[in-house]
Amino acid sequence: METLKRVVRNEYFPAAAVLSLVVLFWVAGLFGGLSLLSRSQPPIATLTWLLFVYGAAVLTPLAGVLAAADLLRRWLRNRRTAKSGTSRSGSAKDGAGIGS
């Protein structure tokens, strides 16, 4: 349980989770996740599904790019901090490092 808490509290977790879900969405789409459109459905169900897929197709690449940029920014910041010899461990324990 402690390991799970540590993973969820990791500063990389939110962006990594978003990026993983975006990749999972597109992989599912590539392997036939959009097969609902090939079945006979009521028009309103088809329209609703099309609007959902259209929104997801537009928003997931944006979310993926933002998540990847955030991961890269955090990694570079931590690498720069490690090279300068300062430690963020004190500020991370008291919550001051959250959201920075």
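Residues numbered from 1 in each chain as written. Predicted model: local features only at pLDDT ≥ 70, side-chain atom pairs only at ≥ 80, totals over all residues. Heavy atoms only, no water.

A short note on the pattern of salt bridges
Side-chain pairing between opposite charges can occur once the charged atoms of the two side chains come close.
Thought 1: Overall, the coordinates contain four salt bridges when judged by the stated rule.
Thought 2: A salt bridge links Arg74 to Glu11; the nearest nitrogen and oxygen atoms lie 3.4 Å apart. One end of the pair, Arg74, is in helix H3 (residues 43–84); the other, Glu11, is in the loop between helix H1 (2–9) and helix H2 (13–30), with 63 residues separating them in the sequence.
Thought 3: By relative accessible area, which is 27% here, Glu11 ends up partly exposed.
Thought 4: Taking relative accessible area as the criterion, Arg74 reaches 15% and is therefore assigned buried.
Thought 5: By sharing partners, the salt bridges in this structure join Glu11, Asp70, Arg73, Arg74 and Arg77 into a single network. (Salt bridge = Lys/Arg side-chain N within 4 Å of Asp/Glu carboxyl O. Helix = DSSP H or I, 4+ residues; strand = E, 2+ residues; numbered from the N terminus. Buried < 20%, exposed > 50% of the residue type's maximum accessible area, 1.4 Å probe, protein only.)

Let's talk about the confidence of the model for the protein
Thought 1: Across the protein, the average pLDDT comes to 79, with 80% of residues at or above 70.
Thought 2: Taken element by element, the protein is modelled with least confidence in helix H4 (residues 89–93), mean pLDDT 50, and with most confidence in H3, mean pLDDT 88. (pLDDT = per-residue confidence, 0-100.)

Observations concerning the packing of aromatic side chains
Thought 1: What the rule picks out here adds up to two aromatic pairs.
Thought 2: Ring geometry for Phe25 against Trp26: centres 5.5 Å apart, planes inclined by 85°, an arrangement best described as edge-to-face.
Thought 3: The exposure class of Phe25 is partly exposed, given its relative accessible area of 25%.
Thought 4: Look at Trp49 and Phe52: their rings are 5.3 Å apart centre to centre, the planes differ by 35°, and that puts the pair in the tilted class. Of this pair, Trp49 and Phe52 both sit in helix H3, separated by three residues, roughly a single helical turn. (Phe/Tyr/Trp six-rings, centres within 6.5 Å; stacked < 30°, edge-to-face > 60°.)

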